[in-house]
Amino acid sequence: MKQTKWNDSWKFWADRDSFALVWNVPEEAADVILPHDAMIIGPAKPDSVSGGNTGFRDAEVYTYVKMLYAPEEYRDHTVMLKFEGVYMNAFVYVNGELAAKNPFGYSTFFVNLDGFLKYGEENEIRVHVRAGAMPNSRWYSGAGIYRDVYLLESGLTYLVPEGVQVDTENADSEIAVLDIKTEIKNRKTCNEKLVLETSIEDADGNVAAKCNSTFVLMEAEERRVSQRITVPEPKLWSAETPDLYTVVSRIYNGSGMLLDENRDTFGIRSLELDAKRGLRVNGKTVKLRGACVHNDSGMLGSATYDDAHLRQVKILKEAGFNAIRMSHNPAAPAFLRACDKLGMYVMDETFDMWNRLKSDYDYGLYFQEWWESDVTAMVRKDYNCPSVVLYSIGNEIPEIGMEHGAKLCHEIAEKVKSLDSTRFTLASINGVFACGDQVGRIMQDVLSGLSKAGNAEGNVNDFMTLMDGHLDEIVVHDAVTERLEMACAATDVAGYNYMTARYEPDGKKYPDRVIVGSETYPPQIARNWDLVERLSYVIGDFTWTGWDYIGEAGVGIPAYNWGEGGFGASFPAQIAYSGDIDITGFRRPASYFRQIVFGLRKEPYIAVQNPYKYGQKLIKTPWVISDAVSSWTFGGCAGKPVIVEVYAAGTETELFKNGVSAGKKPSGKEAGFRTLFETTYEEGRLEAVTYENGIEIGRTELVSAKGGKRLVLTPENMPETAGERQLYYVQVAICDEDGTVATDCDQKITVSAEGGAAVVGFGSGNPKPAYNYNEEVTETFGGRAMIILKKNGSGSSVKAVVKTESGMAAEIEINL
């Protein structure tokens, strides 16, 4: 079908009168271009119904309206709308009549307009987004039509949307055999003789293979046509070699007239899985260096852009990741396109809940009636994406290890397999959550042991820390084992959330069980990765999280007083702050720590614990390593004690302060790749040198920022997109004359832009932002901030000007 992006010229408003007799468009309705996150528009509020779960933001009931002119020739056409994601409870009306609805906020759905259109006239498309029942999510979901919308047109005989599916039967360097299935529908009241022509084009547009099939499609028939095509000397897709092909499908009638055409990208690659050789891609064993990632795009909220996801995947890959778990919902098509193009394995996930709700008004209200439809939507969306290698059918489902829950797990897994037998299934299981009514028994056993040792006293923070310290005892409890046997029976892979202690004993007890660390604590990466490398049946590790996100506010904020961070974080905390990479795309110390553990970086990395808080007790959750930042600029701390963290490989690391050695200490695997030095703060230069058996293998340094500050604006280089680029990212930094970022010189800053782009995001990685991201004012955090500009069609260049409250200013002009 002809597919046209249909994002322009929408009217939008918050609808507070569901019982309106007349549906009109109010004067206050705003003109918007999709994708559009309505929830990010308003500021965070301390009295939010959803609280920290959504970053203290709430949604409402929203209405979007756009007119569609239907020419007379549409009478003999098929016309649809494709919505890639509307959060949540979408009702689509055509000329006042309900044409479709979709409760799940993350599914692609189609609206058939035939039978609703008035031909030769303007037709009103009205979308009600009923997201106002809060809370409905455990994290920031956004709300509205936040993904792309397309208008689809064809004749009465057409290729069904998402109906071309390419399987790699087998492939090597000489040939690849493809099994291609194509869904074709005939809406005519007569039979029609057809020819299906399928071509395979390489990245340069050359035809690598072609096949024709002739058949007769009966009146009102829909048929799935199979073709086997051989591609010579194929370029195989993997994370290291993300070579893509295009399958071009054309159907002709008996007279040779072209009736419909479709183009889909895909990759030629094979997947195998077993406990002895692990996950194999194209015959080679792959260990998944994984990042869990939420749905939002940071300062853009949940609005989904190809540019934003290409940038995100590029940064994650440069940081050493080769896999992403989309948590905990089906990924956007734009996100998967980025993973296909740049080379990133994907675990796509269906749901965060089944029949037991986790929020008062979440998808659990609709799950029983809608899960099959939404599983189907996810698999059809993902089918031709070579990046997708795993399907997770649920995250931390409480009932999964109980009788009816285990049966439902089987049904969902079988549904996935009936739609796609080429990929592997798992459920991301939290052992304690899976125990249901056995949690009390586990806690009683563990606490009994702790009480006898005199270790069960203290406040909530102490208790949570205590549980973290004894998590290994909890997850290997007999009750967890019993429930896991039920929960893991139906899937190809056992997804273990925070259950590292089970890897080795379960490998012995269940020799054919394949395990993946589907969600793990960042501080445990050295321990986890050692097991991933040693155990063939453990295929990877996915940290929580690779990229920071709005919501679950403060879970990763290190604190020194109750309420500042951690489990008790209060407003204005809005960001989780558990990401290796912050919401602006800046790599935090944990990212470099992980890269060194992965064996992908020889140079050491220096991070410094907060000297202003030296000696105070750090309140931290299991997702926090420490409060260290990569800086040697701490005004007013001269002579004060400070702890320096050096992340390093090798066997030994030496620390130098202004050229004087502070000694050598073990590094690498023996030290958990994290070596601590205690010294005193002195302005100047801090240098770490790493040795392997006495031979230097890498060094790095931190330098204190001097006086004479200036504002520096740096445009980012972006990966090429398939379409027109929309977004431009500009880094903002307060630096000294040598370019060293002044991390202790945060200021209020403003931005303005004129020309062919507008500011759509302005902020920093601060987990407690003082301003909303759509305001043209923010504060730097660690001396840094970020501007996101979006094309507005008003010119071929844009000039952005940034000013600080202290009088510094800088400007930049970008050709669009």
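Scroll up to find the structure.
Since we're looking at a predicted model, the values are computed, not measured. (Residues numbered from 1 in each chain as written. Predicted model: local features only at pLDDT ≥ 70, side-chain atom pairs only at ≥ 80, totals over all residues. Heavy atoms only, no water.)

(A) Quick look at the sheet that holds strand S22 (residues 323-326). As summarised here, the arrangement of the eight strands in space is S21-S22-S23-S24-S25-S26-S27-S28, forming a closed barrel in which the pairing is parallel. With direction set aside, neighbouring strand axes in the sheet form an average angle of 25 degrees. Sheet topology places strand S23 (residues 345-349) next to strand S24 (residues 388-395); four bridges connect them, and they run parallel. Across the sheet, residue methionine 347 finds its bridge partner in S24, namely leucine 390. Across the face of the sheet, helix H4 (residues 403-419) comes into contact with S24 and strand S25 (424-430) while running at roughly 155 degrees to S24. (Pairing = 2+ DSSP bridges. Helix = DSSP H or I, 4+ residues; strand = E, 2+ residues; numbered from the N terminus. Axes fitted to C-alpha atoms, helices over the stretch in contact; angles between N-to-C directions. Contact = heavy atoms within 4.5 Å.)

(B) Inspection of the sheet that holds strand S17 (residues 258-266) at higher detail. Ordered by their spatial adjacency, four strands build an open sheet running S14-S13-S16-S17, and the pairing between neighbours is antiparallel. Here the strands that pair on one side only, and so sit at the sheet edges, are strand S14 (207-217) and S17. Between one strand axis and the next, the sheet turns by 15 degrees as a mean value, whatever way the strands run. Relative to S14, strand S13 (residues 192-201) runs antiparallel, the two sharing 10 bridges. Bridge pairing links lysine 193 to valine 216 in S14.

(C) Geometry of a nonpolar patch on the surface. Taken together, the side chains of Leu357, Tyr361 and Leu365 make up a nonpolar region of the molecular surface, amounting to roughly 260 Å² of accessible area. Positionally, leucine 365 belongs in the loop between S23 and helix H3 (367-382). For leucine 365, a relative accessible area of 44% corresponds to the partly exposed category. (Patch = residues over 30% accessible without salt bridge, like charges linked within 9 Å, V, L, I, M, F, W, Y side chains within 5 Å. Areas by Shrake-Rupley, 256 points an atom, 1.4 Å probe, with all protein chains shown as cover. Salt bridge = Lys/Arg side-chain N within 4 Å of Asp/Glu carboxyl O. Buried < 20%, exposed > 50% of the residue type's maximum accessible area, 1.4 Å probe, protein only.)

(D) The environment of arginine 16, seen in detail. Inspection of the secondary structure assignment puts arginine 16 in the loop between strand S2 (10-14) and strand S3 (30-32). With a relative accessible area of 65%, arginine 16 lands in the exposed category. For the pair arginine 16 and glutamate 60, spaced 44 residues apart in sequence, the C-alpha to C-alpha distance is 8.4 Å. At a separation of 2.8 Å, a polar atom in the side chain of arginine 16 contacts the side chain of glutamate 60. (Polar contact = N/O pair within 3.5 Å; in protein donor to acceptor, adjacent residues only side chain to side chain.)

(E) Region of interest: a negative patch on the surface. Together, Glu683, Asp744, Asp746, Glu779 and Glu805 give the surface a local cluster of negative charge. Position of glutamate 805 among the secondary structure elements: in the loop between strand S42 (797-804) and strand S43 (809-815). Here glutamate 805 falls in the exposed class, since its relative accessible area comes to 55%. (Lys, Arg positive; Asp, Glu negative; His and termini not counted. Charge placed at Lys NZ, Arg CZ, Asp CG, Glu CD.)

(F) Region of interest: the nonpolar core. Leu288, Leu316, Phe335, Tyr345, Trp354, Ile400 and Val493 are the most contacted members of the largest nonpolar core, which has 120 residues in total. Of all hydrophobic cores here, the second largest spans 51 residues; its members include Ile40, Tyr64, Ala90 and Val149. (Core = buried A, V, L, I, M, F, W, Y, C linked by side-chain atoms within 4.5 Å.)

(G) Up close: the packing of H3 against H4. It is at 9 Å that the axes of H3 and H4 come closest, and there the two elements cross at 30 degrees. Classed by the angle they form, the pair H3 and H4 counts as roughly parallel. When you trace H3 past H4, the crossing you get is right-handed. In contact with Phe367, Trp371, Glu372, Val375, Thr376 and Val379 of H3, H4 contributes Leu408, Glu411, Ile412, Lys415, Val416 and Leu419. (Parallel < 35°, antiparallel > 145°, perpendicular 65-115°, else oblique. Left-handed = near helix turned anticlockwise from the far one by under 90°.)

(H) Here's a closer look at the side chain of asparagine 772. Along the polypeptide, asparagine 772 turns up in the loop between strand S39 (757-763) and strand S40 (777-779). With relative accessibility at 4%, the residue asparagine 772 sits in the buried group. Of note is the side chain of asparagine 772, whose polar atom sits 3.0 Å from the backbone oxygen of isoleucine 41. Sequence-distant contacts of asparagine 772, that is, excluding residues within four places in its chain, are made with Ile40, Ile41, Gly42, Pro43, Arg57, Phe762 and Val777.

(I) Here's a closer look at the environment of cysteine 735. Tracing the backbone shows cysteine 735 in strand S37 (residues 727-735). Cysteine 735 gets classed as buried once you look at its relative accessible area, which sits at 5%. Once you skip the residues sitting within four places of it in the chain, cysteine 735 turns out to touch Gly708, Lys709, Arg710, Val712, Thr740, Val741 and Ala742.

(J) Focus on the pattern of salt bridges. Enumeration according to the criterion identifies 47 salt bridges in this entry. In this structure, the salt-bridge partner of glutamate 372 is lysine 415, at a minimum N-O distance of 3.8 Å. Taken as a pair, glutamate 372 in helix H3 and lysine 415 in helix H4 lie far apart in primary sequence, 43 residues in all. Relative accessible area serves as the criterion here: at 22%, lysine 415 is assigned to the partly exposed category. Between glutamate 696 and arginine 699 there is a salt bridge, with its nearest N and O atoms 2.8 Å apart. Taking the relative accessible area as the measure of exposure, glutamate 696 reaches 39% and is therefore partly exposed. Of the residues examined, arginine 699 reaches a relative accessible area of 40% and is grouped as partly exposed. The network of salt bridges with shared partners includes Arg138, Asp352, Lys358 and Glu552.

(K) How the structure looks around the packing of aromatic side chains. If you walk through the whole model with that rule in mind, you get 32 aromatic pairs. Seen from their ring centres, phenylalanine 104 and tyrosine 363 are 4.3 Å apart, and the 40 degrees between their planes marks the pair as tilted. In this pair, phenylalanine 104 is assigned in the loop between strand S7 (97-102) and strand S8 (109-112) and tyrosine 363 in the loop between S23 and H3, connecting sequence segments 259 residues apart. Tyrosine 363 shares its class with phenylalanine 104; the two are buried. (Phe/Tyr/Trp six-rings, centres within 6.5 Å; stacked < 30°, edge-to-face > 60°.)

(L) Local environment of the packing of helix H1 (residues 306-318) against helix H2 (residues 333-342). As a packed pair, H1 and H2 sit with axes 8 Å apart at the nearest point and diverge in direction by 45 degrees. The angle between H1 and H2 falls in the class oblique. Crossing hand, H1 versus H2: right-handed. The residues of H2 that touch H1, namely those facing Asp306, His309, Leu310, Gln312, Val313, Lys314 and Lys317, are Ala334, Phe335, Arg337, Ala338, Cys339, Lys341 and Leu342. Taken together, the residues of the contact of H1 with H2 break down into seven nonpolar, two polar and five charged. (Nonpolar A, V, L, I, M, F, W, Y, C, P; charged D, E, K, R; others polar.)

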